[in-house]
Amino acid sequence: MTKLSVNVNKIATLRNARGGNVPNVLQVALDCEKFGAQGITVHPRPDERHIRYTDVIELKQHIKTEFNIEGNPDDRFIKIIEEVNPAQVTMVPDAPDALTSNAGWNVLKHFDHLKGLVDHFHNLGVRTSIFVGTDLDNITAAKETGTDRIELYTEPYAANYHNDKAKAVAPFVEAAQHAAKIGLDINAGHDLNLDNLAYFKQCLPKLDEVSIGHALIADALYLGLEETIKRYLLQLK
Ligand SMILES: CC(=O)[C@@H](O)[C@H](O)COP(=O)(O)O
Ligand SMILES: NCC(=O)COP(=O)(O)O
């Protein structure tokens, strides 16, 4: 089974545009769960332009499904993981001024740092995931950090899906087969949507979880949140 974790960053972006509490990030997260999502993802950034650190604490107190916190593991991020103790932490190497995540880790280059973080988060009882591209040696290095999972950065797949979907997915299939062979569980995310998700899942049957935010929230404007989540879940069957 592949779990759907809804990234609620974009709900926070909308809320922050007016300074009040509309839409209510917690209520939307609870509704995502009610409509069948098996997890909630947030990606706090240092400037708190969407999810705020206070949101992270509030969400943890109320949500019942798997809570996945993604982000660049700076001191503040590490502290919030220690405080909140989510089900999963996903380490992402995004620069503070990045518009959105735009690459996976070079694990070999940051090996000692990542290994130290994996050990630290494991000591807190938190499952770890490292955001990576499809390079096989890099995935092997991720395994050597002791991480439980990797999250495959799917933007290149999404960007090339309409040109040649078989070619677009091929490196991901190879990466997933390699990860499974060396004992890593596999998450995936970034720019997955109702067009490209079913084929990705069909080609990577061992996928454990996808985290989806931008397209899903945009679809909900037209379809409503309940129907949108239903459709995403159907793609993962
Ligand atoms: C790691 C990843 O791909 C997502 O967390 C993505 O960064 C979502 O963040 P935004 O909603 O800010 O684009
Ligand atoms: N890890 C990916 C994520 O949480 C959402 O990415 P996107 O669907 O907003 O591109």
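Residues numbered from 1 in each chain as written. Chains lettered and ligands numbered in written order. Predicted model: local features only at pLDDT ≥ 70, side-chain atom pairs only at ≥ 80, totals over all residues.

A few points about the UniProt feature "site: Transition state stabilizer" (unreviewed entry) in the protein chain
Phase 1: As annotated by UniProt and renumbered to match this structure, "site: Transition state stabilizer" (unreviewed entry) occupies Glu-151.
Phase 2: Mapped onto the elements, Glu-151 comes out in strand β6 (residues 149-153).
Phase 3: For Glu-151, the contacting residues outside a window of four places in its chain are Thr-90, Ser-129, Phe-131, Asn-187, Ala-188 and Gly-189. (UniProt positions renumbered as here; feature names shortened; annotations may be inferred. Helix = DSSP H or I, 4+ residues; strand = E, 2+ residues; numbered from the N terminus. Contact = placed C-beta atoms within 7 Å.)

A few points about the packing of helix α3 (residues 53-62) against helix α4 (residues 75-84)
Phase 1: Look at α3 against α4: their axes get within 10 Å of each other, and the N-to-C directions meet at 20°. Classified by the interaxial angle, the pair formed by α3 and α4 is roughly parallel. As α3 runs across α4, the sense of the crossing is right-handed. For the pair α3 and α4, contact is made by Tyr-53, Val-56, Ile-57 and Lys-60 and by Ile-80, Glu-83 and Val-84, respectively. (Axes fitted to C-alpha atoms, helices over the stretch in contact; angles between N-to-C directions. Parallel < 35°, antiparallel > 145°, perpendicular 65-115°, else oblique. Left-handed = near helix turned anticlockwise from the far one by under 90°.)

Concerning the pairing of strand β7 (residues 185-189)
Phase 1: Most of β7 sits out of view: 4 of its 5 residues are buried.
Phase 2: Sheet topology places β6 next to β7; 5 bridges connect them, and they run parallel. Bridge assignment links Leu-152 to a residue of β7, and that residue is Ala-188.
Phase 3: Of the pairings in the sheet, the one linking β7 to strand β8 (residues 209-212) comprises 3 bridges and is parallel in character. Along β8, the bridge assignment pairs Ala-188 with Val-210.
Phase 4: Taking the sense of rotation as the criterion, the β-α-β connection linking β7, helix α9 (residues 197-203) and β8 turns out right-handed. (Buried ≥ 20, exposed ≤ 12 C-beta atoms within 10 Å, placed from the backbone. Pairing = 2+ DSSP bridges. Right-handed = clockwise from strand over helix to strand, strands pointing away.)

Overview of helix α1 (residues 9-16)
Given 3.6 residues per turn, any residue in an α-helix points the same way as the ones three and four places further on.
Phase 1: The complete set of buried residues in α1 reads Asn-9, Lys-10, Ile-11, Ala-12 and Arg-15.
Phase 2: Close packing links the buried residues of α1 with β1 (3-7), α2 (25-34), β2 (39-42), α3 and α10 (214-223).

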